[in-house]
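Chain residues, written in single-letter form:
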Amino acid sequence: MPDNSCLTHLSCWKTGKQYDADRLINVSDAGKPLRVEYDLRGVAETLDRDILATRPRNLWAWRELLPLPFDIECPTLGEGGTPLLEAERLGRELGLRRLYVKDEAVNPTGSFKARGMAVAVAMAKYLGAPALAVPSAGNAGGALAAYAARVGLAAHIFMPQDVPAANRLECELAGAHVTLVDGLITDCAARVRAGCAEHGWFDLSTLKEPYRVEGKKTMGLEIARQLDWNLPDVIIYPTGGGTGLVGMHKAFAELEAIGWLDAQQAKRPRFVAVQAEGCCPIVSAFAAGADEAVEHENAHTVAAGLRVPKAIGDFIMLDILRSTNGTAIAVSDAEMIRAARELSAATGVCACPEGGACLAALRKLRDSGWVRDSDEVVLFNTGSGLKYAEAFAGGTT
Ligand SMILES: *Cc1c(COP(=O)(O)O)cnc(C)c1O
């Protein structure tokens, strides 16, 4: 156990069984995701808001709440520290007290996948992984390729043949080994498993290792800081594998534990998971009152980040949606493409279809009254629209 970080151990998200954090590990004995646990009292003693204020505004500013030992160099490409932009015109049009866009498009590799991969690749390297692998139909591959290049490890990326050109190109430019698979993302995942078994690669698939969530968590830490240690009423998030949702919820719990959230203001955000009509297992499970999701058959959507027919962290997401009085909602591809154009034109961000999906969902939730005019809302633009040329050209409008 590294004694020069605040990390203490890992625990199974399902059973609570504890695991040491001193070696490479994927999932628990129960086959479930592992949660990273910290000595939060130690964090509170080491870090305060004044110290934080002296640090550069990026992901690694939160070093005490991240797993990498303090004496190990952070492999950064400048991830995190993204703007929380007030969208005044859009907010007025929607009749909202306050609307913000957290713009993750400005991360390295053009999406928030950079946050998760920065931390996961750093930990994999530190713990001695010989090579890294991931299945990807979108932004995860490029982010892994970039951070693997940064630390000097080989990356093996398996992509469906119809992956957008930009996603494939960025992997190849970063020197990753890209294999195009004649099949779906599930077929790519099978190839990754086989490669890991045969060659000893380390699998960095969503929630199949503990540390991508920790990187994504910093989105929640940043929102709290940007709102002066208050939290918004509603967070609208485009949900695929769920690392962002799970990470932000964990971030708020940790900030509360170290006493950084305004105690007067007991408010905690209601989380909204937005999915595509063509792939919405969490929306279906939420509506059915189920604790786990059923695999979505024939999953299809132009929003590559949302094309996750079965997520290993489904039970964690569903629990978060219920315990925060949140909800889950699906939008069509045509709606998200149209809304991505609106979001870009109304705010200046370069919106991806997933970001558009959040705006389309917000409109529906305003119409139904679920989001009230007094609510302060944060919606996420999770990546750059520039990586989705095919989707915007595809006539889905
Ligand atoms: C991966 C991805 C998502 C979904 O992210 P999760 O946190 O894994 O649910 C959303 N948007 C974009 C652009 C993505 O690349």
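Cut-offs used in this document
Residues numbered from 1 in each chain as written. Predicted model: local features only at pLDDT ≥ 70, side-chain atom pairs only at ≥ 80, totals over all residues. Heavy atoms only, no water. Pairing = 2+ DSSP bridges. Helix = DSSP H or I, 4+ residues; strand = E, 2+ residues; numbered from the N terminus. 1 Å grid on protein atoms, 1.4 Å probe; cavity = no way out; pocket = protein on both sides within 12 Å on 5 of 7 lines; lining within 4 Å. Points joined across faces, edges and corners; volume = space filled by probe spheres on them. Expected span 1.5 Å × (residues − 1). Near = heavy atom within 4 Å. Areas by Shrake-Rupley, 256 points an atom, 1.4 Å probe, with all protein chains shown as cover. Sits in = over half its atoms within 2 Å of the grid points. Nonpolar A, V, L, I, M, F, W, Y, C, P; charged D, E, K, R; others polar. Polar contact = N/O pair within 3.5 Å; in protein donor to acceptor, adjacent residues only side chain to side chain. Contact = heavy atoms within 4.5 Å.

Undergrad: Would you mind going over the sheet that holds strand β1 (residues 7-12) in detail, with residue names and values included?
TA: With antiparallel pairing, three strands are arranged side by side in an open sheet as β2-β1-β3. Only two strands of the sheet have a single neighbouring strand rather than two, namely β2 (18-19) and β3 (34-38).

Undergrad: Now, about empty space enclosed by the protein: what can you tell me, with residues and values included?
TA: Tallying each qualifying case throughout the model produces one cavity of 30 Å³ or more. A volume near 40 Å³ is recorded for the largest cavity. Per-element accounting of the lining of the largest cavity gives the leading share, three residues, to helix α4 (residues 113-126).

Undergrad: Talk me through helix α9 (residues 243-257); I want residue IDs and the actual numbers.
TA: In this model, α9 (15 residues) spans 21 Å end to end at C-alpha, consistent with the 21 Å of a helix rising 1.5 Å per residue. Note on α9: the residue one or two positions beyond its end, G259, has a positive phi of about 80 degrees.

Undergrad: Kindly report on the site of the ligand, identifying the contributing residues and their values.
TA: In the vicinity of the ligand, 16 residues are found, and the nearest of them are K113, Y237, G240, G242 and T382. In the complex, the protein chains occlude 97% of the 390 Å² of accessible area that the ligand would expose alone. Judged by the proximity of its atoms to the pocket grid, the ligand belongs to the largest pocket. Elements supplying a minimum of two residues to the shell around the ligand: β10 (234-238) and α9. By residue class, the composition of the shell around the ligand is four nonpolar, nine polar and three charged.

Undergrad: Which residues make up the side chain of K102, and what are the values?
TA: Here K102 is to be found in strand β5 (residues 98-103). In this structure the side chain of K102 is engaged in a polar contact, spanning 2.7 Å, whose partner is the side chain of E222. Sequence-distant contacts of K102, defined by excluding residues within four places in its chain, comprise T82, P83, L84, R115, M219, E222, I223, Q226, V378, L379, F380 and N381.

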